[in-house]
Amino acid sequence: MLLPYEMIHRSVIPAMRYMIATRLVEECNMNQQQAAQILGITQPAISNYLRRTRAIAINLNDCEEICKSVEEVMELLLEGGPNQSEVTEKIVAICEYLRMELMLCDLHKRFEPSYNTDECSACKTSFSIKK
């Protein structure tokens, strides 16, 4: 059984890193080491993103809202690096948007074909723990 947050960890976060890495290298003319430093990851990880050997499970480039938010994350990273609360908050907001807009359901079905996503409501509601 895969949980929405496992899919986010395995696919969404790498897809966002791919989007940022390619923009840093192609649009900002950074080398891979500079892009890695900005993202707080290794240069080999950047190389994998650029060669598309990572971050291939989900394409976020088709969603205008996601592209805009990822661009905002990139701007924050360029201003102050990866260790900022604003970066974390923006990435969490993007992940929650994907979850609440049910954009993980197709991915879930691909990862776990026997799971009945039509009967699932895990992503449709906010989570709360009763005390």
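Residues numbered from 1 in each chain as written. Predicted model: local features only at pLDDT ≥ 70, side-chain atom pairs only at ≥ 80, totals over all residues. Heavy atoms only, no water.

1. Some thoughts on the packing of aromatic side chains
- Taken as a whole, this structure holds zero aromatic pairs when the rule is applied.
- Positioned above the aromatic ring of Y18, the side-chain terminus of R52 is 3.9 Å from the ring centre. (Phe/Tyr/Trp six-rings, centres within 6.5 Å; stacked < 30°, edge-to-face > 60°. Lys NZ or Arg CZ within 6 Å of the ring centre and 35° of its normal.)

2. Some points on the side chain of H108
- Examined against the element boundaries, H108 turns out to sit in helix α6 (residues 105-111).
- A relative accessible area of 7% means that H108 is categorised as buried. (Helix = DSSP H or I, 4+ residues; strand = E, 2+ residues; numbered from the N terminus. Buried < 20%, exposed > 50% of the residue type's maximum accessible area, 1.4 Å probe, protein only.)

3. Details of the environment of T42
- Tracing the chain through its elements places T42 in the loop between α2 (32-39) and α3 (43-51).
- Each C-alpha atom of the pair T42 and L3 lies 27 Å from the other, and the pair is 39 residues apart in sequence.

4. Focus: the side chain of S69
- For S69, the location among the structural elements is in helix α4 (residues 64-80).
- When neighbours within four sequence positions are excluded, S69 is seen to be in contact with K90 and I94. (Contact = heavy atoms within 4.5 Å.)

5. Focus: the confidence of the model for the protein
- Mean pLDDT over the protein stands at 90; residues scoring 70 or higher make up 98%.
- Taken element by element, the predicted model of the protein shows its lowest mean pLDDT in α6 (88) and its highest in α2 (95). (pLDDT = per-residue confidence, 0-100.)

6. Some details on a negative patch on the surface
- Taken together, the side chains of E75, E79, E86 and E89 define an acidic patch exposed on the protein surface.
- Among the elements of the structure, α4 and α5 (85-100) are those that each provide at least two residues to the negative patch.
- Relative to the helices and strands, E89 resides in helix α5.
- Overall, E89 belongs to the exposed group, its relative accessible area being 51%. (Patch = residues over 30% accessible without salt bridge, like charges linked within 9 Å, V, L, I, M, F, W, Y side chains within 5 Å. Areas by Shrake-Rupley, 256 points an atom, 1.4 Å probe, with all protein chains shown as cover. Salt bridge = Lys/Arg side-chain N within 4 Å of Asp/Glu carboxyl O. Lys, Arg positive; Asp, Glu negative; His and termini not counted. Charge placed at Lys NZ, Arg CZ, Asp CG, Glu CD.)

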